[in-house]
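Structural overview
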Amino acid sequence: MTGTPVRLDLSSPSRGPRGKPPKHFVDLTPEQRIDAVTELGEKPFRAKQLATHYFTHLSNDPATMTDLPKATRDKLVEGLFPRLLTAHKTMTADNGTTVKTLWHLFDGAKVESVLMRYKNRTTLCISSQAGCGLACAFCATGQMGLTRNLSTAEIVEQVRAAGRMLADGEVPGGPTRLTNVVFMGMGEPLANYKSVMETVRRLVAPTPDGLGMSARNITVSTVGMVPAMNKLAGEGIPVTLALSLHAPDDELRSELVPVNTRWSVAEAIDSAHRYFVATGRRVSIEYAMMRDINDQAWRADLLGELLNQRGRGWVHCNPIPLNPVPGSKWTASDPQVEQEFVARLRAHGIPTTVRDTRGSEIDGACGQLAAEEDE
Ligand code: SAH
């Protein structure tokens, strides 16, 4: 701990009366799904049929569930698949290969997800909270405050919807599958630990119990909530962990990422290293490059030293050109300064790749998600 401790309320809504999302099939474990189906007066095997429609065929539409009698499917879908997400608006960029969706939740809360198609993979950036309580100075979501945590099903529904879109060939390049999921949309995933972990379980469970994704293709990005990072290391699910560091010194980091006054740079890096030791997964360090703020060569050197103090080969750096947020005094680093920063990190032996800024013109890039409606 360094500096003055801040009091962060990570659990309760900061504005607006908000309800609890209705329970959904996806919130339930496979055993609970069987119970739920029998409680509605149907045979246990119907649970597996529903799971196959949802997780294998990415459908929650009773019209497609033709292996169930019509009355049965209508009853089960009505009882177990409440509509959680309504697509209010979609925006595309990069010739249609980046798609941002603004979702309205059942209570009017709003979140966004961003689907990006690359040559050999497809990545969906999902939201785990409506708004965010961590107030990082340079992040649009951070300026909104926290509305509420999303439920497991509200998060998984973003993934199902994207998978459906890709399967239906709605993204140029022909029908395909979703390969990667990153918790880099709105919210701090580790501040909604339980629902996020349940989401990860649904994503990696083999079909038809879950989506059958590979844990290594799922990235959980955190501002550095150390106890939750330590807990994640013990879950036995080797997701990729990304730590949003943005500065190697406490003085600056506490300004940019207020939670640093609670868990310092050293504590966050130690915890990230523990995650590597526990899981064997190389950790990503995210670093939004802000002109004349955190992009000095000496900070690159300091970062390289701090990372190497813990060991070699355990970490990868991901500088991100700052995506400007309206009203913010910060801008992206000069490209030459960025290059020098990257070169210094590499000289320290740290593998470093600059993150692309896909979707920035539709406010769909890192740190730009604010779920604002302009009509
Ligand atoms: N709360 C999590 C995940 C959300 S954002 C976290 O902080 O890691 C995903 C990444 O985008 C984080 O590294 C975040 O720091 C970064 N980011 C936020 N605002 C940004 C901006 N304006 N430009 C570039 N990256 C930004």
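Residues numbered from 1 in each chain as written. Predicted model: local features only at pLDDT ≥ 70, side-chain atom pairs only at ≥ 80, totals over all residues. Heavy atoms only, no water.

**Observations concerning the overall build of the protein chain**
Check the secondary structure of the protein chain and you find 10 helices and 11 strands. In summary, the protein chain has a C-alpha radius of gyration of 21 Å against a globular reference of 21 Å for 375 residues, a match within 12%. C-alpha atoms of the protein chain, sized along the principal axes, occupy 70 × 40 × 40 Å. Out of the 375 residues belonging to the protein chain, those deemed buried represent 57%. Taking all contacts inside the protein chain whose residues are at least 6 apart in sequence as the whole, residues at least 24 apart take part in 67%. When the accessible surface of the protein chain is split by element, carbon and sulfur atoms take 51% of a total near 15,900 Å². Taken as two groups, the 42 positive and 42 negative side-chain charges of the protein chain have centres that lie 5 Å from each other. (Helix = DSSP H or I, 4+ residues; strand = E, 2+ residues; numbered from the N terminus. Rg over C-alpha atoms; globule rule 2.2 N^0.38 Å. Buried < 20%, exposed > 50% of the residue type's maximum accessible area, 1.4 Å probe, protein only. Contact = heavy atoms within 4.5 Å. Areas by Shrake-Rupley, 256 points an atom, 1.4 Å probe, with all protein chains shown as cover. Lys, Arg positive; Asp, Glu negative; His and termini not counted. Charge placed at Lys NZ, Arg CZ, Asp CG, Glu CD.)

**Things to note about the confidence of the model for the protein chain**
Scored by pLDDT, the protein chain comes out at a mean of 93, with 94% of its residues at no less than 70. Residue range residues 1–17 is modelled with pLDDT below 50. Its contacts to residues more than four positions away, or to other chains, number 30 contacts. (pLDDT = per-residue confidence, 0-100.)

**A short note on the sheet that holds strand E9 (residues 240–244)**
Reading across the sheet, the 9 strands line up as E1-E2-E3-E4-E7-E8-E9-E10-E11 and stay open at both edges, with mixed pairing between neighbours. Strands with a single pairing partner mark the edges of an open sheet, and in this sheet they are strand E1 (85–93) and strand E11 (315–321). Adjacent strand axes in the sheet meet at a mean angle of 20 degrees when their direction is disregarded. Bridge count between strand E8 (residues 218–222) and E9: 4 bridges; the pairing is parallel. Residue pairing for E9: Val220 is matched across the bridge by Leu241. (Pairing = 2+ DSSP bridges. Axes fitted to C-alpha atoms, helices over the stretch in contact; angles between N-to-C directions.)

**Side note on the site of the ligand**
Inspection of the region around the ligand gives 21 residues, with Phe138, Ser221, Ser244, His246 and Asn323 positioned closest. Residue Phe138 places a main-chain N or O atom 2.9 Å away from a nitrogen atom belonging to the ligand. Secondary structure elements with two or more residues in the shell around the ligand: E8 and strand E10 (283–289). By residue class, the composition of the shell around the ligand is 11 nonpolar, 8 polar and 2 charged. (Near = heavy atom within 4 Å. Polar contact = N/O pair within 3.5 Å; in protein donor to acceptor, adjacent residues only side chain to side chain. Nonpolar A, V, L, I, M, F, W, Y, C, P; charged D, E, K, R; others polar.)

**Remarks on the packing of aromatic side chains**
Scanning the entire structure with this criterion turns up 4 aromatic pairs. On the numbers, 4.9 Å between centres and 75 degrees between planes, the contact of Tyr54 with Phe55 is edge-to-face. Per residue, the accessibility class of Tyr54 equals that of Phe55, and both read buried. Plain terms: the ring middles of Tyr287 and Phe341 are 4.9 Å apart, the flat faces sit at 40 degrees to each other, and that makes the pair tilted. (Phe/Tyr/Trp six-rings, centres within 6.5 Å; stacked < 30°, edge-to-face > 60°.)

**Structural notes on unusual backbone geometry**
Residues Thr207 and Pro208 are joined by a peptide bond in cis, for which omega reads 5 degrees. By the secondary structure assignment, Pro208 is in the loop between helix H5 (193–204) and E8. Unusually for a residue other than glycine, Asn95 sits at a positive phi of about 55 degrees. Judged by relative accessible area, which is 76%, Asn95 ranks as exposed. The backbone phi angle of His246 is positive, close to 70 degrees, even though this residue is not glycine.

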